[in-house]
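Letter by letter, the chains look like this.
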Amino acid sequence: MSPQDRPLQPNLAIARVRPLDKVTEVGNSRLRRGWTTGTCATAAAKAAYTALLTGEFPDPVEVTLPRGERVSFALAVTRKEADSATAGVVKDAGDDPDVTHGALVLATVRTAAPGSGVTFRAGTGVGTVTRPGLPVPPGEPAINPVPRRMICDAIAEVAAAARGSGDVEVEIGVADGERLAARTLNARLGIVGGLSILGTTGIVVPYSCAAWIHSILRGIDVARAAGLDHVAGSTGSNSEAAVQKFHHLPEIALIDMGDFVGGMLKYLRRHPVARVTIAGGVGKMTKLAQGLLDLHSKRGSVDLAALAGFAKAAGASEALVQRIMAANTAAEAFAHAAAANVMLGDEVARTARETAAQVVANSGIDVEIVLFDRDGRLVGHAPFGSHHETAPSRNRRR
């Protein structure tokens, strides 16, 4: 079978040709880096345009990353027609837990009107932007600016080598992309119909959760563009549902920050809103009170001695302090405090608010902390405007 006849139902075994010899150190592990959807789309588009001009698909196809590195990719799909060519590359995200790992990224390139340059179209599985505040305007395919530049540069490179005009329509698609997008925050961001084509360096760093962080930042941008003055970052679905009910917030105000409270706050410091609520369970918020800005279990654990100190500051007896220090989990420690009618949650919230407020200092942002238990009940609160005083508790579990 010739490359031009390779079917559109390929064996999706991930092929890597001349990958960058780079790894990321995480603990004692050496984790392999991968490629962004933008890089894969660029490789597919370059191969397709080459075939459109020359009749032959380069396999492997070499592309240039934003920082100048040259990397090559094997093609999983090729198809040539009279006025278009299609190529596909299987995304390898390395050792990062990326929802698009193993996805088939497709590019179809068609000739366009003279002088039109490169125009982009969303193919099957790639979303369309419907809300302002994202890096591309409403109505455009959800192909971010850096991947667009990479694709334009690749098209120009091929045009120069093969004496083409560079006037093309580039349609990017992702096989099964609409289903994969349901596992992302695209719908909340106003991206409908599929995935976003992302990337700033072209490389996926393992366990950076770059796509998640991207969603946090774009969620803030969309909320600001909609004129909202209050957003709420939550560590998980339970706390998100609870804080939405607590403040009657619209969905667009909800930021699924996960463990990345520091990343969210640092971005807000540069792109402020008037009020930010941070919502989470007792364990995550205790870590924030300890001064941790990355709440993942790999970055740090709840310090029961610190939690006992918070309890003491809230009026716990020495006997309760000792029970908390001997607890197995933060949840158990909170249960001991609740049984003694000690407002541990309010003290944790107050101290967590101090940590968060330091990150956004001098930005004009007012921060609130809310702690919820697994049933969505409020168990700790540091209200807006309470950074210079101890506010009356809204938590009365008896």
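Look up: the structure comes first, before these words.
All of these numbers come straight from a predicted model, not from anything done at the bench.

Glancing now at the packing of helix α9 (residues 304-313) against helix α10 (residues 318-325). Running from N to C, α9 and α10 cross one another at 155°; their axes reach a closest spacing of 8 Å. With respect to each other, α9 and α10 are oriented roughly antiparallel. As for the relative orientation of α9 and α10, their crossing is right-handed in sense. Residue-level contacts link Leu304, Ala305, Leu307, Ala308, Ala311 and Lys312 of α9 to Val321, Ile324 and Met325 of α10. Along the lines of polarity and charge, the residues of the contact of α9 with α10 split into 8 nonpolar, no polar and 1 charged.

The next point concerns the pattern of salt bridges. For the structure shown, the criterion picks out 18 salt bridges. For Glu171, the salt bridge is made with Arg121, and the minimal N-O distance between the two is 3.5 Å. Placement of the pair is Glu171 in strand β12 (residues 168-174) and Arg121 in strand β9 (residues 118-122), with a sequence separation of 50 residues. Glu354 is the salt-bridge partner of Arg350, the closest N and O atoms lying 2.7 Å from each other. With Arg350 and Glu354 both in helix α12 (residues 344-359) and 4 residues apart, this pair spans about one turn of that helix. Judged by its relative accessible area of 27%, Arg350 is partly exposed. We classify Glu354 as partly exposed; its relative accessible area is 38%. Linked through salt bridges whose partners overlap, the residues forming this network are Lys46, Glu62, Arg70 and Glu157.

Here we come to the layout of surface pockets. Reported here for the second largest pocket is a volume of approximately 460 Å³. Residue assignment for the lining of the second largest pocket shows that the elements contributing at least two residues are α6 (237-247), α8 (282-289) and α11 (330-339). For the lining of the second largest pocket, the class distribution of residues is 9 nonpolar, 6 polar and 5 charged.

Taken residue by residue, a regular strand's side chains alternate between the two faces of the sheet. Burial runs high along strand β18 (residues 275-280): 5 of the 6 residues are buried. Here strand β16 (residues 230-234) runs beside β18; their pairing, made up of 5 bridges, is parallel. Bridge assignment links Val231 to a residue of β18, and that residue is Val276. Looking at chain direction, β18 and strand β19 (residues 366-372) are connected through 6 bridges and run parallel. The residue of β19 that forms the bridge with Thr277 is Glu368.

We now examine the packing of aromatic side chains. Pairs of aromatic rings are described using the distance from one ring centre to the other and the angle between the two planes. Within this structure, the stated rule accounts for 3 aromatic pairs. Summarising the aromatic geometry, the rings of Trp35 and Phe73 are spaced 5.3 Å apart at their centres and angled 75° between planes, so their arrangement reads as edge-to-face. Taken together, the residues Trp35 in strand β3 (residues 34-35) and Phe73 in strand β5 (residues 70-73) connect sequence positions 38 residues apart. Phe73 carries the same exposure label as Trp35, and that label is buried. When the ring of Trp212 is compared with that of Phe260, the centres are 5.9 Å apart and the planes differ by 75°; the resulting orientation is edge-to-face. Note that Trp212 is positioned in helix α5 (residues 210-225) and Phe260 in the loop between β17 (254-256) and α7 (261-270), a separation of 48 residues in sequence. Residue classification places Trp212 among the partly exposed positions, given a relative accessible area of 35%. For Phe260, a relative accessible area of 15% translates into the label buried.

For the rest of this paragraph, the subject is the environment of Arg131. Position of Arg131 among the secondary structure elements: in the loop between β11 (128-129) and α2 (145-162). Residue classification places Arg131 among the partly exposed residues on the basis of a relative accessible area of 27%. As a C-alpha pair, Arg131 and Ala223 span 92 residues in sequence and 9.7 Å in three-dimensional space. Discounting chain neighbours no more than four positions away, the residues touching Arg131 are Pro138, Ala187, Arg188, Leu189, Gly190, Val222 and Ile252. In this structure the side chain of Arg131 is engaged in a polar contact, spanning 2.3 Å, whose partner is the backbone oxygen of Arg188.

Quick look at the sheet that holds β9 now. Taken in spatial order, the 5 strands make up an open sheet running β6-β7-β8-β12-β9, and their pairing is mixed. Among the strands making up the open sheet, the edge pair consists of β6 (77-80) and β9. On average, each strand axis in the sheet is tilted by 15° relative to the strand beside it, whichever way the strands run. Summarising the sheet, strand β7 (residues 84-90) and strand β8 (residues 104-111) pair through 7 bridges and their orientation is antiparallel. For Val90, the partnering residue across the bridge sits in β8 and is Leu104. Along the sheet, helix α1 (residues 37-54) makes contact with β6, β7, β8 and β12, crossing β8 at roughly 40°. Along the sheet face, α2 touches β9 and β12 and points at about 130° away from the line of β9.

About the cut-offs
Residues numbered from 1 in each chain as written. Predicted model: local features only at pLDDT ≥ 70, side-chain atom pairs only at ≥ 80, totals over all residues. Heavy atoms only, no water. Axes fitted to C-alpha atoms, helices over the stretch in contact; angles between N-to-C directions. Helix = DSSP H or I, 4+ residues; strand = E, 2+ residues; numbered from the N terminus. Parallel < 35°, antiparallel > 145°, perpendicular 65-115°, else oblique. Left-handed = near helix turned anticlockwise from the far one by under 90°. Contact = heavy atoms within 4.5 Å. Nonpolar A, V, L, I, M, F, W, Y, C, P; charged D, E, K, R; others polar. Salt bridge = Lys/Arg side-chain N within 4 Å of Asp/Glu carboxyl O. Buried < 20%, exposed > 50% of the residue type's maximum accessible area, 1.4 Å probe, protein only. 1 Å grid on protein atoms, 1.4 Å probe; cavity = no way out; pocket = protein on both sides within 12 Å on 5 of 7 lines; lining within 4 Å. Points joined across faces, edges and corners; volume = space filled by probe spheres on them. Pairing = 2+ DSSP bridges. Phe/Tyr/Trp six-rings, centres within 6.5 Å; stacked < 30°, edge-to-face > 60°. Polar contact = N/O pair within 3.5 Å; in protein donor to acceptor, adjacent residues only side chain to side chain.

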